Amino acid sequence: DATPTHQASERETYILVIGETARADNFGVYGYERNTTPRLAANERLCVYRDALTQANVTHKSVPMILTSVSAENFDSIYVQKSIITAFNEAGFRTAFFSNQRPNRSFIDFFGEEAQNCVFVKAQMKADANVSDDVLLGHLRSELADTTVLKRFVVLHTYGSHFNYCDRYPESDRHFTPERITTIGYRNRDVMVNAYDNSILYTDRLLSNVIELADSVGGSACVMYLSDHGEDIYDDDRRRYMHASPVPSYYQLRVPFMLWTSTEYGEAHPVEDKAVRQNVNCPIATNQVVFHTLLGLSGIHTTYRDDRLSVGSPHFSAPKR
């Protein structure tokens with residue numbers, strides 16, 4: 001029952017970028033000692049939410065919750081709901097879903113296929129194909145090229161910082177060295193962290209390019225970024241590594257959550273734009289808020305939308321996580 005409320009003549013572009021295995025602790029904008037996010041740090045319109053936790057430490061559970069109104073509190077209802085993509089479809093938006101992850105017939109695939117333009121880049125490639133997330137920029141650029149389309153919603157599902165970290169970025173982003181991982185283990189942690197930090201540095205460039213593309217279209221534009229979950233990299237005496245452990249760790253749950261709005265969006269929707277900035281220090285469960293925030297920012301009304309769960313609403317009320 002999704003219906004638009006913004007003016008039909010307003011140009012609107014909303015982009016959701018879903019990261020992979022990115023933990024907030026290694027982002028410069030979150031206070032990390034290394035400057036892994038120089039471009040994002042220089043963006044004055046970017047809001048960084050300081051206290052964001054994911055509700056799942058595995059991709060196949062976290063991403064479907066990101067894409068729907070379902071959260072950990074009512075996960076079983078995912079079997080009877082469609083995604084936010086369908087809400088944008090019903091409201092008259094052009095929708096697209098571009099993924100740099102391999103399709104596996106999970107909920108992610110089914111929800112992605114609700115989009116009018118759905119592309120899984122690796123669908124026809126060999127199992128060991130290593131494709132940079134830059135490929136998503138090409139698809140996004142093509143999608144935004146048709147300026148006759150006034151309303152757009154695009155989802156980019158990246159491969160982000162998934163192991164093997166040193167395969168996630170080009171030679172030009174080998175800033176922290178040595179970073180060629182030959183052995184996985186506690187004693188090799190420094191090399192592994194170097195590679196991981198390079199993947200975050202690459203994400204910084206990727207997101208800055210996405211924001212630049214969104215801004216170039218003109219009109220009201222928003223870019224939201226969050227990661228599905230974080231990662232353990234032998235951080236403490238427990239010597240844990242990777243993610244998806246039965247008992248999640250802090251490093252697996254604390255994720256980056258950021259929101260950029262264009263100057264034009266702020267002028268057209270000052271109430272929502274002000275709320276986006278006022279709520280940056282609130283405790284957030286990421287899987288709970290994405291659906292409601294994006295529908296609130298885009299002015300799409302539906303009975304599924306709850307403004308108490310939208311960081312773009314003055315009525316946001318962070319529930320207990």
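Use the structure listed above.
I will try to describe carefully the structure that is included in this document. Treat the numbers as computed from the prediction; the structure is a model and nothing was measured.

It is worth spelling out the pairing of strand S11 (residues 257-261) at this point. Of all 5 residues making up S11, 5 are buried, and the element is well covered by its neighbours. Of the two faces of S11, both are covered, the one formed by Phe-257, Leu-259 and Thr-261 as well as the one formed by Met-258 and Trp-260. Sheet topology note: the strand S3 (residues 46-48)/S11 ladder contains 3 bridges and is antiparallel. Each bridged residue has a counterpart across the sheet, and for Val-48 the counterpart in S11 is Met-258. In the sheet, strand S8 (residues 220-227) pairs with S11 via 5 bridges, with the strands oriented antiparallel. Within the sheet, the bridge partner assigned to Val-223 lies in S11 and is Trp-260.

Tracing the backbone through its elements, the reader meets Ile-84 in helix H3 (residues 84-90). Each C-alpha atom of the pair Ile-84 and Phe-111 lies 8.5 Å from the other, and the pair is 27 residues apart in sequence.

Formed by 93 residues in total, the largest nonpolar core has its most connected members in Ile-15, Leu-16, Tyr-49, Phe-153, Leu-156, Phe-257 and Met-258. Among the elements that take part in this core, helix H6 (residues 189-217) stands out by supplying 14 residues, more than any other.

Turning our attention to the environment of Phe-120. Among the structural elements, Phe-120 can be located in strand S6 (residues 117-120). Taking C-alpha positions, Phe-120 is 4.8 Å from Ser-99, a pair spaced 21 residues apart along the chain. Aside from chain neighbours lying at most four places away, what touches Phe-120 is Phe-97, Ser-99, Gln-101, Pro-103, Ile-108 and Asp-109.

Taken together, the side chains of Glu-212, Asp-215, Glu-264 and Glu-267 make up a negatively charged region of the molecular surface. Of all the elements in the fold, those that place two or more residues in the negative patch are H6 and helix H8 (263-268). Here Asp-215 is to be found in helix H6.

Thresholds applied
Residues numbered from 1 in each chain as written. Predicted model: local features only at pLDDT ≥ 70, side-chain atom pairs only at ≥ 80, totals over all residues. Heavy atoms only, no water. Buried < 20%, exposed > 50% of the residue type's maximum accessible area, 1.4 Å probe, protein only. Helix = DSSP H or I, 4+ residues; strand = E, 2+ residues; numbered from the N terminus. Pairing = 2+ DSSP bridges. Core = buried A, V, L, I, M, F, W, Y, C linked by side-chain atoms within 4.5 Å. Contact = heavy atoms within 4.5 Å. Patch = residues over 30% accessible without salt bridge, like charges linked within 9 Å, V, L, I, M, F, W, Y side chains within 5 Å. Areas by Shrake-Rupley, 256 points an atom, 1.4 Å probe, with all protein chains shown as cover. Salt bridge = Lys/Arg side-chain N within 4 Å of Asp/Glu carboxyl O. Lys, Arg positive; Asp, Glu negative; His and termini not counted. Charge placed at Lys NZ, Arg CZ, Asp CG, Glu CD.

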